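# Tertiary structure, described
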Amino acid sequence: MGNLSALPGLAPVPTVPVPESARFKAACPDCRARFELAAGEFRLVVGATSRTTFYSFTCPECAAGVRKPAGERIVELLTDGGVRTLRLHTGS
């Protein structure tokens, strides 16, 4: 398994093959459409706090960029499903 090079100061993120069958239900707060998206259509950002941990996607109906908070369970489900994850680290 390879590593994806990250920005300076961020730890490398292992690359993981995404299963084609990993799909997640989602909804757009702008147009209220409900749909399923493949894991590759999501981005997950895990920060040091709940305010900096979220997932995002583009609505296939209205093309709005959607960003929603991600609690521990959502992070686990998306990560297990192969969603690309960026882990933010604070310097200490």
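Refer to the structure presented above.
All values reported here derive from a predicted model rather than from experimental measurement. (Residues numbered from 1 in each chain as written. Predicted model: local features only at pLDDT ≥ 70, side-chain atom pairs only at ≥ 80, totals over all residues. Heavy atoms only, no water.)

With that out of the way, let us pick up the side chain of Thr85. Within the secondary structure, Thr85 is located in strand β8 (residues 84–87). A distance of 3.1 Å separates a polar atom in the side chain of Thr85 from the backbone oxygen of Val83. (Helix = DSSP H or I, 4+ residues; strand = E, 2+ residues; numbered from the N terminus. Polar contact = N/O pair within 3.5 Å; in protein donor to acceptor, adjacent residues only side chain to side chain.)

A few words on the sheet that holds β8. Strands in a sheet are paired, the pairing made by backbone hydrogen bonds, and the direction either parallel or antiparallel. Taking strand neighbours across the sheet as the criterion, the 4 strands line up as β7-β6-β5-β8 in an open arrangement whose pairing is mixed. Two strands lie at the open edges of the sheet, namely β7 (65–69) and β8, each paired on one side alone. Neighbour-to-neighbour, the strand axes of this sheet turn through a mean angle of 20°, independent of strand direction. Both strand β6 (residues 54–58) and β7 contribute to a ladder of 5 bridges, which runs antiparallel. If you follow Phe54 over to β7, its bridge partner there is Pro69. Packing of helix α1 (residues 72–80) onto the sheet brings it into contact with β5 (43–46), β6 and β8, and relative to β5 it is tilted by some 130°. (Pairing = 2+ DSSP bridges. Axes fitted to C-alpha atoms, helices over the stretch in contact; angles between N-to-C directions. Contact = heavy atoms within 4.5 Å.)

All right, on to the pattern of salt bridges then. If you walk through the whole model with that rule in mind, you get 2 salt bridges. Glu36 serves as the salt-bridge partner of Arg23, at 3.6 Å between the closest nitrogen and oxygen. Residue Arg23 is located in strand β3 (residues 23–27), and its partner Glu36 is located in strand β4 (residues 34–38); the two are separated by 13 residues in the primary sequence. Judged by relative accessible area, Arg23 falls into the partly exposed class, the value being 43%. The exposure class assigned to Glu36 is partly exposed, which follows from its relative accessible area of 42%. (Salt bridge = Lys/Arg side-chain N within 4 Å of Asp/Glu carboxyl O. Buried < 20%, exposed > 50% of the residue type's maximum accessible area, 1.4 Å probe, protein only.)

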